[in-house]
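Summary of the model geometry
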Amino acid sequence: MAFPVLTKSVIDKAFFPDMDVLNLRGSAQNQLHERAANVALEQFGRRVFIRAVVEVSNFCRENCSYCGMRRDNRSLERGRAEYEKIAELLIHHRPSSITDVNIQTGEDPVAVREIVIPLIKAIRRETPLGVSVCLGTLNPTLYSELQEAGASIYIIKFEIGDPTHYGEMSAPGNFNERIENIRHLAAHGWKVSSGFIDGLPGQTESRLLANFKLANELPLDGCSVSPFIPGDETPLKNEPTAKIDLTLNCMAALRLMRPEWVIPAVSALNLAEPGMGYRRGLRTGANLATINMTPEDIRGDYLLYKRDRFIMTEERILSAIAAEGLIASQQSLAEFYRTQNSAATQSAIAAA
Ligand code: SAM
């Protein structure tokens, strides 16, 4: 078989993956990843953005079949973090390498009002950090309040690109609502990063490819792929873990499809392949890493997959970045996006 990803004509015109590409293995797969890594290198240089994530509430009004925080999981102790504790942690005790913070919750509007908004204001007032949020689908008023507080990046995965599969997995709200929210955020000045889960039960080839089609159509600035990890306390607990090779090929395909996107290496890569998963993610052209700063006493019940989580510490992230010949970005992701905006405005003025 000829490997379409490796021909220059395929790289030069718009790239869209097919199953031959996503199924590559062995040396052809390595070449795919190298090609994607080179595209990231041309676009971003060797730098990788480093953010922290803090998870501040595990209340969730959604009931996604794949997620341990689903509202039907009665074994989870639900709670919200104390604002003062998280503010103190981020303002005075954050790792020196982080330039941005992502505040994440289950879908919990109460936590947004009581903790997230005050936290964003404090971070913006007291630190140079850029702020991302990952809070699920909210209403337009809350989105504006978050923005006014100083957040500029919204992470909202479309989760599953095929509407029927989306419904089968009880993914958040409904498919159309999720997509409308993504479009609303992008139309209202947010930098939007979305994403999908690969290897979910019931995923067919056409359903997998639907993720790329949807990602390509949406007004996004970044996109992630996470391998499906069967959560202990979910209806899918006996299903198989996604194959890491498929996840990595999806990441490389996203990079080739949209060279300008910020693409994270997600921590679940290390659950899908303990030891090397994360580093292999960086090798596919990922350019964003996340250090988990959720306090230990809350972390255990912020349950996405398994109670035994693999925590990405600063040390693990920095050594993976160094081992792959990459470097930590000094510029924050929020600042990077701001400079992109002003460059685009300048060229529009020049062209007028
Ligand atoms: N509640 C917010 C939302 O809906 O966007 C915040 C994100 S949610 C707490 C965390 C993310 O983890 C989801 O967007 C989902 O993609 C991912 N996730 C949850 N369970 C997963 C699983 N079993 N395997 C892979 N990813 C999973």
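Residues numbered from 1 in each chain as written. Predicted model: local features only at pLDDT ≥ 70, side-chain atom pairs only at ≥ 80, totals over all residues. Heavy atoms only, no water.

**Notes on the pairing of strand β7 (residues 288-292)**
For clarity, the cut-off: Using a 1.4 Å probe on the protein chains alone, a residue whose accessible area is under 20% of its type maximum counts as buried, one over 50% counts as exposed, and one in between counts as partly exposed. Each helix is a run of H or I in the DSSP string that is no shorter than four residues. Each strand is a run of E no shorter than two, and both are numbered from the N terminus. Pairing between two strands requires that DSSP report at least two bridges joining them.
Along β7, five of the five residues are buried, which leaves the element largely enclosed by surrounding structure. Going residue by residue along β7, you find L288, T290 and N292 tucked away on one face and A289 and I291 tucked away on the opposite face as well. Where strand β1 (residues 47-57) meets β7, five bridges bridge the pair, whose relative direction is parallel. Of the residues in β7, the one forming a bridge with R51 is T290.

**So, the site of the ligand**
Note the threshold: What makes a residue near a molecule or strand is one non-hydrogen atom of that residue sitting within 4 Å of it. Nitrogen and oxygen atoms within 3.5 Å of one another constitute a polar contact, given that in protein one can donate a hydrogen and the other can accept it, and given that sequence-neighbouring residues count only through two side-chain atoms. For this scheme, ten residues count as nonpolar: Ala, Val, Leu, Ile, Met, Phe, Trp, Tyr, Cys and Pro. Four count as charged, namely Asp, Glu, Lys and Arg, and the remainder, Gly too, count as polar.
Inspection of the region around the ligand gives 20 residues, with Y66, M69, E159, R178 and I229 positioned closest. A distance of 3.2 Å is found between a nitrogen atom of the ligand and a backbone nitrogen or oxygen belonging to T105. Of the residues contributing to the shell around the ligand, the split by class is 12 nonpolar, four polar and four charged.

**Details of the environment of I321**
How we decide: The criterion used for residue contact is that any of the two residues' heavy atoms lie within 4.5 Å.
Tracing the backbone through its elements, the reader meets I321 in helix α14 (residues 314-323). Exposure remark for I321: the relative accessible area of 2% places this residue in the buried category. Apart from residues lying up to four places away in sequence, I321 is in contact with V48, I50, L282, A289, L326, I327 and A328.

**Examining empty space enclosed by the protein**
What counts here: Put simply, the grid is 1 Å and covers the protein atoms alone, a cavity is a trapped set of points that fit a 1.4 Å probe, a pocket is an open set with protein on both sides within 12 Å along at least five of seven lines, and lining residues have an atom within 4 Å of a point. Grid points are joined across faces, edges and corners, and a volume is the space filled by probe spheres set on the points.
Under the defined criterion, the tally for this structure stands at two cavities of 30 Å³ or more. As a volume, the second largest cavity reaches approximately 30 Å³. Around the second largest cavity, the lining residues are I160, G161, D162, H165, I197, Q203, R207, L208 and N211. Of the residues belonging to the lining of the second largest cavity, the class tally is three nonpolar, four polar and two charged.

**Let's talk about the packing of aromatic side chains**
For the record, the criterion: Only Phe, Tyr and Trp rings are paired, with Trp represented by its six-membered ring, and only when their centres lie within 6.5 Å; those with planes under 30 degrees apart are stacked, over 60 edge-to-face, the remainder tilted.
Scanning all chains against the criterion turns up eight aromatic pairs. Centre to centre, the rings of F49 and F336 are 5.3 Å apart; their planes meet at 50 degrees, and the pair counts as tilted. Here F49 is found in strand β1, whereas its partner F336 is found in helix α15 (residues 333-351), with 287 residues between them in sequence. F336 shares its class with F49; the two are buried. With 5.5 Å between their ring centres and 70 degrees between their planes, F196 and F212 make a pair best called edge-to-face. On the criterion of sequence distance, the pair formed by F196 in strand β5 (residues 191-198) and F212 in helix α9 (residues 205-217) is long-range, its members being 16 residues apart. F212 gets classed as buried once you look at its relative accessible area, which sits at 0%.

**Some points on the pattern of salt bridges**
Note the following rule: For salt bridges, the criterion is a side-chain nitrogen of Lys or Arg within 4 Å of an Asp or Glu carboxyl oxygen.
One pass over the full model with this rule turns up 17 salt bridges. Between D245 and R25 there is a salt bridge, with its nearest N and O atoms 4.0 Å apart. One end of the pair, D245, is in helix α10 (residues 244-257); the other, R25, is in the loop between α2 (19-22) and α3 (26-44), with 220 residues separating them in the sequence. The partly exposed category is assigned to R25, whose relative accessible area is 39%. Look at the salt bridges and you will find they share partners, linking R25, D245, E273 and R280 into a network.

**Regarding the packing of helix α4 (residues 83-92) against helix α5 (residues 109-126)**
Selection criterion: The convention used is that axes are lines fitted to C-alpha atoms, helices contributing only their stretch in contact, and that angles between N-to-C directions extend from 0 to 180 degrees. Convention used here: angles under 35 degrees read as roughly parallel, angles over 145 as roughly antiparallel, angles from 65 to 115 as roughly perpendicular, and any remaining angle as oblique. Each crossing gets its hand from how the near helix is turned against the far one by less than a right angle, where anticlockwise is left-handed and clockwise is right-handed.
Between α4 and α5, whose axes approach to 10 Å, the crossing angle comes to 25 degrees. It follows that α4 is roughly parallel to α5 by the angle criterion. For the pair α4 and α5, the crossing hand works out as right-handed. On α5, the residues that touch Y83, I86, A87, L90 and I91 of α4 are I115, P118, L119, A122, I123 and E126. Its residues assigned to classes, the contact of α4 with α5 shows 10 nonpolar, no polar and one charged.

**Concerning the side chain of R207**
As for its placement among the helices and strands, R207 is situated in helix α9. Take R207: its relative accessible area is 15%, and that puts it in the buried class. At 3.1 Å, the side chain of R207 forms a polar contact with the side chain of E168. Setting aside its immediate chain neighbours within four residues, R207 contacts D162, T164, H165, E168 and G202.

**Quick look at the pairing of strand β3 (residues 130-134)**
Our working definition: By convention, a crossover is right-handed whenever its connection, traced from the first strand over the helix to the second and viewed with the strands pointing away, goes clockwise.
When you tally the buried positions in β3, you get five out of five residues, the bulk of the element. Burial of β3 is two-sided: the residues G130, S132 and C134 facing one way and the residues V131 and V133 facing the other way are all buried. As judged from the five bridges shared by strand β2 (residues 100-105) and β3, these two strands associate in the parallel manner. The residue of β3 that forms the bridge with I103 is V133. Tracing the backbone out of β2, into α5 and back to the parallel element β3 gives a crossover that is right-handed. Examined bridge by bridge, β3 and strand β4 (residues 153-155) share two bridges and lie parallel to one another. Of the residues in β4, the one forming a bridge with S132 is I153. In this fold, the crossover linking β3 to β4 by way of helix α6 (residues 140-149) has right-handed handedness.

**Structural notes on the layout of surface pockets**
What the largest pocket holds in volume is close to 310 Å³. Contributions of two or more residues to the lining of the largest pocket are made by α3, β1 and α12 (277-282). Sort the elements by how many residues they give to the lining of the largest pocket and α3 lands first, with eight residues. Looking at the lining of the largest pocket, its residues break down into eight nonpolar, six polar and five charged. Quantified by volume, the second largest pocket comes out at close to 210 Å³. The wall of the second largest pocket is formed by N58, E77, R78, G79, R80, A81, E82, K85, I86, D297, I298 and D301. Broken down by class, the residue content of the lining of the second largest pocket amounts to three nonpolar, two polar and seven charged.

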